[in-house]
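# Per-entry structural report
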Amino acid sequence: MDQIEQNLHQVKENIAAACRRSGRNPDEVRIVAVTKYVDLETTRRALDAGLTHIGESRAQEAVPKWEQLGDRGIWHFIGHLQSNKAKAVAGRFTYVHSLDRFSLAKELNRRSEAAGRPTRCFVQVNVSGEASKHGLDPVEVKEFVEQAAEFPYLQLEGLMTMAPFTEDPEEARPVFRRLKELQRELQQSGASGTALPHLSMGMSRDYQVAVEEGATFVRLGSVLVGEAYPKQR
Ligand SMILES: *Cc1c(COP(=O)(O)O)cnc(C)c1O
């Protein structure tokens, strides 16, 4: 079996176990294979292994891959997005996980309209409050969502966060839990744009905890296709 297939098999087992522990249905959890570390050939192997959601974080590197493989998968832009790269992303990437400011929303809406295809967006939230992280302060999210909901070529899918880098994945749990709570608060507010059914959270180190806390998209690089194919934990 190909190494990526083996890794995927293990990841699916871990997700299923996390779902059993938390009473969730594993069908609710989608795996985004983050291929930002690897070349075109390895990205192709990820698709061959049955991974359909492909995540990239830099437009310059992603667009050449998309040109070769775009029609084989569903593409997710997961990195920080500069407004001047919105043109490259719109029409190619089905999802953007890093919507975090009004100027970007405006530009992405304009470029998506020009491309004739709406972009599905996650609002990135800086739950942990680390200065190094992008994303809105949780208290800013409601107003931002209401504004973003006005853009006809943006479809708001949910919230995204990145947990702090720690050795112990348990330390990420309160961050994931807070994002889930924020989702509930927004949904209960009934404000425009707050249906927000999805949560994009969990990376290689902490996805099992994220699934226990309600993730519907996990973004996995190193455990699936990382250069060193690190061993599963
Ligand atoms: C790189 C990256 C990932 C994947 O990281 P791994 O730890 O290798 O799984 C997920 N999300 C974002 C936003 C990233 O930049």
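Residues numbered from 1 in each chain as written. Predicted model: local features only at pLDDT ≥ 70, side-chain atom pairs only at ≥ 80, totals over all residues. Heavy atoms only, no water.

Once that is clear, we can look at helix H5 (residues 102-115). Along its 14 residues, H5 runs 20 Å from first to last C-alpha, staying within 8% of the 20 Å computed at 1.5 Å per residue. All of the buried residues in H5 are Leu104, Ala105, Glu107, Leu108, Asn109 and Ser112. (Helix = DSSP H or I, 4+ residues; strand = E, 2+ residues; numbered from the N terminus. Expected span 1.5 Å × (residues − 1). Buried < 20%, exposed > 50% of the residue type's maximum accessible area, 1.4 Å probe, protein only.)

Where empty space is left in the structure can be found by rolling a water-sized probe over the atoms. Taken as a whole, the largest pocket spans an internal volume of roughly 390 Å³. If you trace the largest pocket, you find 21 residues lining it, with Lys36, Ile78, Met162, Met203 and Arg219 closest to the centre. A per-class count over the lining of the largest pocket returns seven nonpolar, nine polar and five charged. (1 Å grid on protein atoms, 1.4 Å probe; cavity = no way out; pocket = protein on both sides within 12 Å on 5 of 7 lines; lining within 4 Å. Points joined across faces, edges and corners; volume = space filled by probe spheres on them. Nonpolar A, V, L, I, M, F, W, Y, C, P; charged D, E, K, R; others polar.)

All right, on to the UniProt feature "modified residue: N6-(pyridoxal phosphate)lysine" (unreviewed entry) in the chain then. The feature "modified residue: N6-(pyridoxal phosphate)lysine" (unreviewed entry), as annotated in UniProt, sits at Lys36 in this numbering. Relative to the helices and strands, Lys36 is located in the loop between strand S1 (30-34) and helix H2 (40-48). Lys36 gets classed as partly exposed once you look at its relative accessible area, which sits at 33%. Those residues in contact with Lys36 that sit more than four places away from it in its chain are Gly55, Glu56, Ser57 and Glu61. (UniProt positions renumbered as here; feature names shortened; annotations may be inferred. Contact = heavy atoms within 4.5 Å.)

Below, the discussion takes up the site of the ligand. Within the structure, the ligand sits among Val34, Lys36, Tyr37, Ile78, Met160, Met162, Met203, Ser204, Arg219, Leu220, Gly221 and Ser222. In the model, an oxygen atom of the ligand is placed 2.5 Å from a nitrogen or oxygen of the Tyr37 side chain. Isolated, the ligand exposes 390 Å² of accessible area, and the fraction of that covered by the protein chains is 91%. Judged by the fraction of its atoms near the pocket grid, the ligand is located in the largest pocket. Looking at side-chain class alone, the shell around the ligand contains seven nonpolar, three polar and two charged residues. (Near = heavy atom within 4 Å. Polar contact = N/O pair within 3.5 Å; in protein donor to acceptor, adjacent residues only side chain to side chain. Areas by Shrake-Rupley, 256 points an atom, 1.4 Å probe, with all protein chains shown as cover. Sits in = over half its atoms within 2 Å of the grid points.)

Tracing the backbone through its elements, the reader meets Leu81 in the loop between strand S3 (74-77) and helix H4 (86-89). Distance in space between the C-alpha atoms of Leu81 and His97 is 9.3 Å, their sequence separation being 16 residues. Other than its neighbours up to four places away in sequence, Leu81 contacts Ala86, Val89, Val96, Ser98, Arg101 and Leu104.

Per the stated rule, a full pass over the model turns up six aromatic pairs. A ring pair is formed by Tyr95 and Phe217, whose centres lie 5.5 Å apart and whose planes are at 55 degrees; its orientation type is tilted. Of this pair, Tyr95 sits in strand S4 (residues 95-99) while Phe217 sits in strand S8 (residues 217-220), and the two are 122 residues apart along the sequence. With relative accessibility at 0%, the residue Phe217 sits in the buried group. Taken together through their ring pairs, the aromatic side chains of Trp75, Phe77 and Phe93 make up a single cluster. (Phe/Tyr/Trp six-rings, centres within 6.5 Å; stacked < 30°, edge-to-face > 60°.)

Here we take up helix H3 (residues 59-69). Within H3 the residues assigned to the buried category are Ala59, Ala62, Val63, Lys65 and Leu69. Its buried side turned inward, H3 meets H2, strand S2 (53-56), S3 and H4.

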